[in-house]
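Residues per chain, in single letters:
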Amino acid sequence: MTTAGAVVSPRVCAECNAQVSPALLACPSCGRLVHADELKKLAAEAAGAENAGDAAGALASWRQVLDLLPSGSTQHARVLAKVQAGSARLAAAPGGSRPKPAGSGRSKGLASLGALGVLAAKFKWIILLILGKGKLLLVGLAQAKTFLSMAIALGVYTMLYGWKFALGLIASIYVHEMGHVAWLRHYGIAATAPMFIPGFGAFVRLKQHPATVGEDARVGLAGPIWGAAAAVVFLALGAATGSPLLLSIARIGAWINLFNLIPVWQLDGGRGFAALSRGQRALTAGVLWALALSGVDGMLYLLAIGATYRAAGKTGAPPVGDRPVLATYLALVLGLTLLMVAAHGGAGALPAHG
Ligand SMILES: [Zn+2]
Ligand SMILES: [Zn+2]
């Protein structure tokens, strides 16, 4: 009872003894920051991470600092600028270890081995990259909420489509979600573990607002990128084994990721579009209309209509668009449409042929 009372009662300012409502971040009479001690600790953590070369760790600490500063204060503006600058530096894909700059001892040794050595080094780097991402895929499974909601979704989909198709569907959705998780970690943005909702897919809820539209766009498009990679794997397995089931999993995977690219609301495509200029949106709309008219899938019309709406609508578009986001979005819609064509052998084979 005493602890409960202490939580509810207002704090007392350490500076002027005025009562401060728990909702406030600064004392209303003297302006002292309520979380001054924690802020000092977090700033020290951020500095330590920066010195250790841990950019994502530093950014995560700065984001926590931001949450404890009153919005509109000069400190808030200063730390927000710091987070935005740090985020811009992290706009390149998360890969953990990047290749060492030329001139380091290792690259010199490889150069003497010639093209074969370089190829081997690149291959090794790709393997390390896949292993690193594989580890992250398992991390998600260790979350009890994710695992339980996934098991329930698996049960529901099994009743509808049989367990083999259900397993492929769940794997496709899960890999998509972990793409978001990988980029959220890369940027040091706090978020919940993925939660599955049968019939609706899955979602990751952010606990902090992304600091820039570019950041939000990259986190948003990471899901379809990883999801497309999963669909490619199912397509390759389906082509190698001639299994209509695997081809139909590749096709539904591509379809789900295309659906998420509809550029409206909080869908992944909507978040990507927020970083595009009006001209880039119009260009994308043109590409989407061409794809829709190709007749591969009726859903492409929804993407084209959404893009046209965003290009013409009153919602603010940045004057200078984000080119890597534009390139990624276009590559995704083209690639996923081609995937659906390539996996056509599995069309209509949903549960019946499996
Ligand atoms: Zn005070
Ligand atoms: Zn997504």
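First, a word on what this report is: a plain description of the structure on this page. (Residues numbered from 1 in each chain as written. Chains lettered and ligands numbered in written order. Predicted model: local features only at pLDDT ≥ 70, side-chain atom pairs only at ≥ 80, totals over all residues. Heavy atoms only, no water.)

### A word on the pattern of salt bridges
Point 1. Enumeration over the complete set of coordinates arrives at 3 salt bridges.
Point 2. Two residues, Arg63 and Glu215, come together in a salt bridge whose shortest N-O distance is 2.7 Å. Residue Arg63 is found in helix α3 (residues 55–68), and its partner Glu215 is found in helix α9 (residues 213–241); the two are separated by 152 residues along the sequence.
Point 3. Judged by relative accessible area, Arg63 falls into the buried class, the value being 4%.
Point 4. Among the residues examined, Glu215 registers a relative accessible area of 1% and is labelled buried.
Point 5. Its salt-bridge partner being Arg271, residue Asp216 comes within 2.9 Å of it at the nearest N-O pair. Note that Asp216 is positioned in helix α9 and Arg271 in helix α11 (residues 268–273), a separation of 55 residues in sequence. Judged on exposure class, the residue Asp216 and its partner Arg271 are both buried. (Salt bridge = Lys/Arg side-chain N within 4 Å of Asp/Glu carboxyl O. Helix = DSSP H or I, 4+ residues; strand = E, 2+ residues; numbered from the N terminus. Buried < 20%, exposed > 50% of the residue type's maximum accessible area, 1.4 Å probe, protein only.)

### Examining the packing of aromatic side chains
Point 1. Enumeration over the complete set of coordinates arrives at 6 aromatic pairs.
Point 2. Seen in terms of ring centroids, Phe273 and Tyr329 are 5.2 Å apart; in terms of plane orientation they differ by 70°. Their pairing is edge-to-face. Of this pair, Phe273 sits in helix α11 while Tyr329 sits in helix α14 (residues 323–342), and the two are 56 residues apart along the sequence.
Point 3. Judged by its relative accessible area of 0%, Phe273 is buried.
Point 4. Through a chain of ring-to-ring contacts, the aromatic side chains of Tyr157, Tyr161 and Phe165 assemble into a single cluster. (Phe/Tyr/Trp six-rings, centres within 6.5 Å; stacked < 30°, edge-to-face > 60°.)

### With respect to α14
Point 1. Taking 1.5 Å of rise per residue, 20 residues should cover 28 Å, and α14 covers 28 Å from first to last C-alpha, within 8% of that figure.
Point 2. For α14, every residue scored as buried is listed here: Val325, Leu326, Tyr329, Leu330, Leu332, Val333, Leu336, Thr337, Leu339 and Met340. (Expected span 1.5 Å × (residues − 1).)

### Digging into the coordination of the zinc ion (ligand 1)
Point 1. Taken together, Cys13 (SG), Cys16 (SG), Cys27 (SG) and Cys30 (SG) make up the protein donors of the zinc ion (ligand 1), found 2.3 to 2.4 Å from the metal.
Point 2. In this structure, the zinc ion (ligand 1) is coordinated by 4 donor atoms arranged in tetrahedral fashion, with angles at the metal of 104 to 116°.
Point 3. Sequence positions of the residues that donate to the zinc ion (ligand 1) give the spacing C-x2-C-x10-C-x2-C.
Point 4. The class for Cys13 is buried, based on a relative accessible area of 6%.
Point 5. Since its relative accessible area comes to 33%, Cys16 is described here as partly exposed. (Donors = N, O, S within 2.8 Å, 3.2 Å for Na, K, Ca; no water. Tetrahedral: all angles 85-135°; square planar, octahedral: opposite > 155°, others 65-115°.)

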